[in-house]
Amino acid sequence: MRDTRESRLLLVVLVAVAFALITVDIRGGESSPLGGARRAAAGILGPVERAAAGAVDPVAGTVRAIRDAGTHQQRLDQITRENIDLRQRLASSDTATGRTKQLDDMLRTAGAGGYTIKAAQVVAIGAAQGFSWTITIDAGSNDGLARDMTVINGQGLVGRVTTVGPTTATVLLASDPGFTAGTRLEGSNEIGFANGQGTGPMRISLLNGRAQVKTGDRVVTFGSQSGRPFVPGVPVGQVVEVEATPGQLTKTILVQPYVQFTRLDLVGVVVVPPRTDPRDAVLPPSPAPSPSAAPSSQAFVPVTPDAPGAPVAPAASASSAATGTAGASPGPARANPSPSGGN
């Protein structure tokens, strides 16, 4: 339609009529004179609207999915980041809790032995120093460390310092085949020399070939002059096997170390040895022995002497046979009267 004066007038008239009809319809309410026309229009246009909506809805859904795809992906990425952050926080919390316990155990061990230690963390293992059983710790000469210092943790002997730099140091583990340390058996004080065997138990040669040792006995370090390379009294391990060495001057035992060398994290370097030998004070309390079964007791049935039909006591018969005098006439043995029943 061309934009002319007549078309504008017609548009104004149609708008005025529409407003008039709307006003009449609203004021009429349920009894509006336009109700019938509205219902007829709804009956005619309703199916058309439903058909049009059925045809348009899939397209509209696809358009909305394409439009919202970026938003959903952003939300998914956000949830993924939050999940990763929560996992990292949980892992950090578990790590902090584990290290706190390690530090508490190590300080308890150092306090029991009178050792002054410098705490350090393991930052590297093995291959950096060759194929030996070694670790690198994040403490060095700047922290007061020197060669041939004893290294411990909360469980016992870890090794000794072999190389020291300004900020790091290398520790030879007690599990290394080249490791050697003087040891002493708990209680008996039998002296020996321990050697590492990798993942297996340590092998200790006792100087006394007749030493009394059994499975379960515990071993500590014997100690060195001025506490280097080993301070005395550090727990080493527990005897798991005593090898048969007949005719040998020494006795060989296998000891399972207390320290788990493949799970080291925090360690302590003994920078000042104890003033006195702690002996066995650093060892944890010995487990209480299991109570043995009490011997069974037989019930004693008292027998009245000289009673008719009294049963014969087998123990009395045996005693009579053993203590009877020569020439006594044989006869049935009878139970001796109790002291309270004698005349």
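About the cut-offs
- Just so you know, the residues in each chain are numbered from 1, in the order the chain's sequence is written.
- This being a predicted model, a pLDDT of at least 70 is required before a residue's local features are given, and a value of 80 or more before pairs of side-chain atoms are given or counted; all residues contribute to the totals for chains, interfaces and linings.
- Water and hydrogen atoms play no part in the side-chain values, which are based on all heavy atoms of the structure.
- Comment: elements are numbered from the N terminus, with helices defined as DSSP H or I runs of at least four residues and strands as E runs of at least two.
- Classification of residues uses two cut-offs on accessible area relative to the type maximum, computed with a 1.4 Å probe and protein chains only: under 20% is buried, over 50% is exposed, and between them is partly exposed.
- Any pair of residues with heavy atoms lying within 4.5 Å of one another is described as a contacting pair.
- To measure how exposed things are, a 1.4 Å probe is used in the Shrake-Rupley method; for residues, cover is taken only from the protein chains shown.
- The predictor rates its confidence in each residue with pLDDT, a number between 0 and 100.
- Under the rule applied, a polar contact is a pair of N or O atoms within 3.5 Å (in protein, one hydrogen donor and one hydrogen acceptor; residues adjacent in sequence only if both atoms are side-chain atoms).
- Being paired, for any two strands, means DSSP has found at least two bridges between them.
- Between N-to-C directions, angles span 0 to 180 degrees; the directions come from axes that are lines fitted to C-alpha atoms, helices contributing only their stretch in contact.

## Overview of the overall build of the chain
Turning to step 1, where the next piece is worked out: Counting its regular elements, the chain contains 3 helices and 12 strands.
Turning to step 2, where the next piece is worked out: Taking all 343 residues of the chain together, the buried fraction comes to 27%.
Turning to step 3, where the next piece is worked out: For the chain, the share of sequence-separated contacts (at least 6 apart) that also reach a separation of at least 24 residues comes to 58%.
Turning to step 4, where the next piece is worked out: Surface accessibility of the chain: about 22,600 Å² in total, with carbon and sulfur atoms responsible for 58%.

## As for the confidence of the model for the chain
Turning to step 1, where the next piece is worked out: Per-residue confidence for the chain averages 78 on the pLDDT scale, and 66% of its residues sit at or above 70.
Turning to step 2, where the next piece is worked out: For residues 293–343, every residue scores under 50 in pLDDT, and the model assigns this stretch 14 contacts once sequence neighbours within four places are set aside.

## A look at the environment of Thr150
Turning to step 1, where the next piece is worked out: Positionally, Thr150 belongs in strand β3 (residues 150–152).
Turning to step 2, where the next piece is worked out: Here Thr150 falls in the buried class, since its relative accessible area comes to 1%.
Turning to step 3, where the next piece is worked out: A distance of 2.7 Å separates a polar atom in the side chain of Thr150 from the backbone oxygen of Pro229.

## A closer look at unusual backbone geometry
Turning to step 1, where the next piece is worked out: Residue Pro229 follows Arg228 across a cis peptide bond; omega there is 5°.
Turning to step 2, where the next piece is worked out: Within the fold, Pro229 resides in the loop between β9 (218–221) and β10 (235–242).
Turning to step 3, where the next piece is worked out: Non-glycine residue Asp148 carries a positive phi angle of around 65°.
Turning to step 4, where the next piece is worked out: Relative to the helices and strands, Asp148 resides in the loop between β2 (134–137) and β3.

## Some details on the pairing of strand β4 (residues 157–164)
Turning to step 1, where the next piece is worked out: In terms of residue burial, β4 counts as a mostly covered element, since 6 of its 8 residues are buried.
Turning to step 2, where the next piece is worked out: In the sheet, β3 pairs with β4 via 3 bridges, with the strands oriented antiparallel. The residue bridging Ile152 from the neighbouring strand is Leu157, located in β4.
Turning to step 3, where the next piece is worked out: Taking the residues between adjacent antiparallel strands as the criterion, β3 and β4 are bridged by 4 residues, where Gly156 takes a positive phi near 160°.
Turning to step 4, where the next piece is worked out: Here 5 bridges tie β4 to strand β5 (residues 169–173), and the two strands are oriented antiparallel to one another. When the bridges of β5 are listed, Val161 appears paired with Val171.
Turning to step 5, where the next piece is worked out: Counting the residues in the hairpin turn of β4 and β5 gives 4 residues.

## What to know about the sheet that holds β3
Turning to step 1, where the next piece is worked out: With antiparallel pairing, the 6 strands of this closed barrel are ordered in space as β1-β2-β5-β4-β3-β12. For this sheet, the mean angle separating the axes of adjacent strands, direction not counted, is 45°.
Turning to step 2, where the next piece is worked out: Two elements, strand β1 (residues 116–125) and β2, share 3 bridges in a ladder whose sense is antiparallel. When the sheet's bridge partners are listed, Ile125 is paired in β2 with Ile135.

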